[in-house]
Amino acid sequence: MSASKSVNSKDRVVIFDTTLRDGEQCPGATMTLEEKLQVADLLDEMGVDIIEAGFPIASNGDFEAVSMIASRVKNAVVAGLARAGVKDIERAGEAVRKARRPRIHTFLSTSPVHMKYKLQKEPDEVLEMVIASVTRARNLVADVEWSAEDGTRTEHDFLCRCVEAAIKAGATTINIPDTVGYTAPDEYRALFRMVRERVPNADKAVFSVHCHNDLGMAVANSVAGLEGGARQIECTINGIGERAGNAALEEVVMALKVRGDIFPFETGIRSEMLTRASKLVSAVTSFPVQYNKAIVGRNAFAHESGIHQDGMLKHTQTYEIMTPETVGVAKTSLVMGKHSGRNAFRDKLKGLGYELSDNEFEDAFNRFKALADQKKHVYDEDIEALVDEKIATATDRMKVLSLLVVAGTLGPQVATLTLEIDGVHKTVQSQGNGPVDACFNAIKAIVPHEAMLELYQVHAVTEGTDAQAEVSVRLAEAGKAVTAKAAHPDTLVASAKAYLGALNKLMQKRDRLHATAAE
Ligand code: KIV
Ligand code: ZN
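Not measured: the values here are computed from a predicted model. (Residues numbered from 1 in each chain as written. Chains lettered and ligands numbered in written order. Predicted model: local features only at pLDDT ≥ 70, side-chain atom pairs only at ≥ 80, totals over all residues. Heavy atoms only, no water.)

**Q** For the environment of Met68, give the residues involved together with the corresponding values.
**A** Position of Met68 among the secondary structure elements: in helix α3 (residues 60-72). In this structure Met68 comes out as partly exposed when scored by relative accessible area, which is 32%. For the pair Met68 and Ala99, spaced 31 residues apart in sequence, the C-alpha separation works out to 9.1 Å. If we ignore the near neighbours within four places in the chain, the residues touching Met68 are Leu33 and Leu37. (Helix = DSSP H or I, 4+ residues; strand = E, 2+ residues; numbered from the N terminus. Buried < 20%, exposed > 50% of the residue type's maximum accessible area, 1.4 Å probe, protein only. Contact = heavy atoms within 4.5 Å.)

**Q** Would you mind going over the coordination of the zinc ion (ligand 2) in detail, with residue names and values included?
**A** In the first shell of the zinc ion (ligand 2), the protein supplies Asp22 (OD), His210 (NE2) and His212 (NE2), at 2.0 to 2.1 Å from the metal. If you list the donors of the zinc ion (ligand 2) from N- to C-terminus, the spacing comes out as D-x187-H-x1-H. Here the two residues His210 and His212 agree in accessibility, since each one is buried. (Donors = N, O, S within 2.8 Å, 3.2 Å for Na, K, Ca; no water.)

**Q** Explain helix α10 (residues 249-258) residue by residue, including any values.
**A** Considered for burial, the residues of α10 that qualify are Leu249, Glu250, Val252, Val253, Met254 and Leu256. Those residues of α10 hidden inside the fold are in contact with β2 (14-17), α2 (33-46), α9 (218-227), β9 (232-235), β10 (265-266) and α11 (274-285).

**Q** Describe in detail the UniProt feature "binding site: Mn(2+)" (unreviewed entry) in the protein chain, supporting the description with residues and values.
**A** In this structure's numbering, the residues bearing the UniProt feature "binding site: Mn(2+)" (unreviewed entry) are Asp22, His210, His212 and Asn246. Spanning 225 residues, the annotated positions come together in the fold, the maximum distance between their C-alpha atoms being 10.3 Å. Of the polar contacts made by the side chain of His212, one reaches the side chain of His210; its length is 3.2 Å. Since its relative accessible area comes to 3%, Asn246 is described here as buried. Setting aside residues no more than four positions away along its own chain, Asn246 makes contact with Thr18, Asp22, His210, Cys211, His212, Ala218, Thr236, Gly239, Ile240 and Gly241. Polar contacts involving the side chain of Asn246 include one to the side chain of His210, which spans 3.5 Å. (UniProt positions renumbered as here; feature names shortened; annotations may be inferred. Polar contact = N/O pair within 3.5 Å; in protein donor to acceptor, adjacent residues only side chain to side chain.)

**Q** Explain the site of ligand 1 to me, and be specific about the residues and the numbers.
**A** Near ligand 1 you find Arg21, Asp22, His105, Phe107, Ser147, Glu149, Asn175, Pro177, Thr179, His210 and His212, and these make up its full shell. Thr179 is positioned with one of its side-chain polar atoms (N or O) 2.6 Å from an oxygen atom of ligand 1. His210 is positioned such that a nitrogen or oxygen atom in its side chain is 3.1 Å from an oxygen atom of ligand 1. At the level of secondary structure, the elements contributing two or more residues to the shell around ligand 1 comprise α1 (19-23), β5 (102-109), β6 (144-149) and β7 (173-178). Split by residue class, the shell around ligand 1 holds two nonpolar, six polar and three charged. (Near = heavy atom within 4 Å. Nonpolar A, V, L, I, M, F, W, Y, C, P; charged D, E, K, R; others polar.)

**Q** Mind laying out the environment of Tyr456, listing which residues take part and the relevant values?
**A** If you trace the backbone, Tyr456 turns up in strand β14 (residues 452-460). With 19 residues separating them in the primary sequence, Tyr456 and Leu475 have C-alpha atoms 9.2 Å apart. Filtering out sequence-adjacent residues up to four positions away, Tyr456 remains in contact with Val436, Phe440, Val471, Ser472, Val473, Thr491 and Ser495. A distance of 2.8 Å separates a polar atom in the side chain of Tyr456 from a polar atom in the side chain of Ser495.

**Q** Can you tell me about the nonpolar core, naming the residues and giving the values?
**A** Ranked by size, the top nonpolar core spans 95 residues in total, and within it Met46, Trp146 and Ile174 carry the most contacts. Counting residues per element, this core draws most heavily on helix α7 (residues 156-168), at eight residues. In terms of domain composition, this core takes at least three residues from each of domain 1 (11-285) and domain 2 (301-331). With 30 residues, the next largest nonpolar core counts Val400, Ala415, Val482 and Tyr499 among its residues. (Core = buried A, V, L, I, M, F, W, Y, C linked by side-chain atoms within 4.5 Å. Domains from an automatic or database assignment.)

**Q** So what's going on with the pattern of salt bridges? Which residues, and what values?
**A** According to the stated counting rule, one finds 31 salt bridges in the structure shown. Here Asp88 ties to Arg83 by a salt bridge, and the two come within 2.9 Å at their closest N and O atoms. Residue Asp88 is classed as buried on the basis of its relative accessible area of 7%. Here Lys485 makes a salt bridge to Glu470, at a shortest N to O gap of 3.8 Å. On the criterion of sequence distance, the pair formed by Lys485 in strand β16 (residues 480-488) and Glu470 in strand β15 (residues 469-477) is long-range, its members being 15 residues apart. Take Lys485: its relative accessible area is 17%, and that puts it in the buried class. Each of Glu45, Arg270, Glu272 and Arg276 takes part in one network of salt bridges that share partners. (Salt bridge = Lys/Arg side-chain N within 4 Å of Asp/Glu carboxyl O.)

See the structure below:
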């Protein structure tokens, strides 16, 4: 993957998305195989140049996800991450083998603190490992990326020696990550300039930025790295990733687009798909998007104060530096209700960026009608919640069939719940310390389990007392955490569905582990 100049003389920047690797690595963001495939398909369609699909040696599940993504992605390069060891690199090579354009991304720490305490190796040993690992990867694929982990805290002379050796051994991309989110824009820009000036074979590789957001500077640092000569940005949707996350793809892309006057770079991203990508990643990870998050937060294009509204009515450029349509937010919010027909619903889905098959459409339409019977207005967010919830539950074995809860001051609160499990109906009645507790106890009575409830969060999808409640639940079992979300006008039904959704995910995880153990 090379970075070249376009006809309008802007430099083409390669977008390397690591939502499925660095993003998935952060606590609680685990995705099922099905969810990873959906995210990969969307990234490919959106114009991402490189999809880092996972860390194949980490687990059989990761390996399977990387190889399935490799077989189905149509345009993007598919990368698998590997440490410097032989097994890591061979596993990564095997996982990306079926990709039209495979890449192995191998990394090794180069900073004094990492070499001394983490690797317990001398710099010369590390240098030998860089050469051996890149050479091994190059024997498997033609496209090899090498990363100097903790690059921004690495001594300059040693960094230059490693980069030169990696390029000589065949690395085609050199990534200098700000692994701990420590650098600042001027420093990072200067680092790339220094390396590109001092390393004699620097012109044989594309340089890459990879910034973590511990000090809130990941996007600013990434753009500064481009000014220093990098032409690849590693980033994630919604900025998810280790600790405070990675540079957010949507922010980087829009910064380059909106401020093209000062940043002479362009990407191949279809920015109208950014909101859809954000919503999908939020739905499958159950990580809510901060309301005031740049580009994709629900308030990013909302104007409430009188002065701002007045300005907006006179001219939208008074308070908007980009149009909502550029990032896929529909300008007008057409209110849908129970009188809306199939055509209007289809049109609405299209406007929101969904393309459903005929069966999926019929299913979504029936559920929309059922919702419209319960709610006066069905807003865009309600429809998105309804479609996203289905995406997340397509492979579930257990479903909530009915729920009746008796609540109020007199107590005890009682839930009567019927679940369908693999086609069989089971009903119980349970008490609890409050209605939510009663619902969860009823689920536990039907599906005994040891999982601990780590998070229970409710928010209203839209405004008003008939708003849909969106509930997120995180369950942890044997060191593994899964999260699920569900939306419904009845908070208790949403709670039961979210809890069961998380249990479904745990069950899928267990089934996968059993299947791989039996192989
Ligand atoms: O942050 C980091 O250093 C990484 C590397 C594996 C590239 O994620
Ligand atoms: Zn990282």
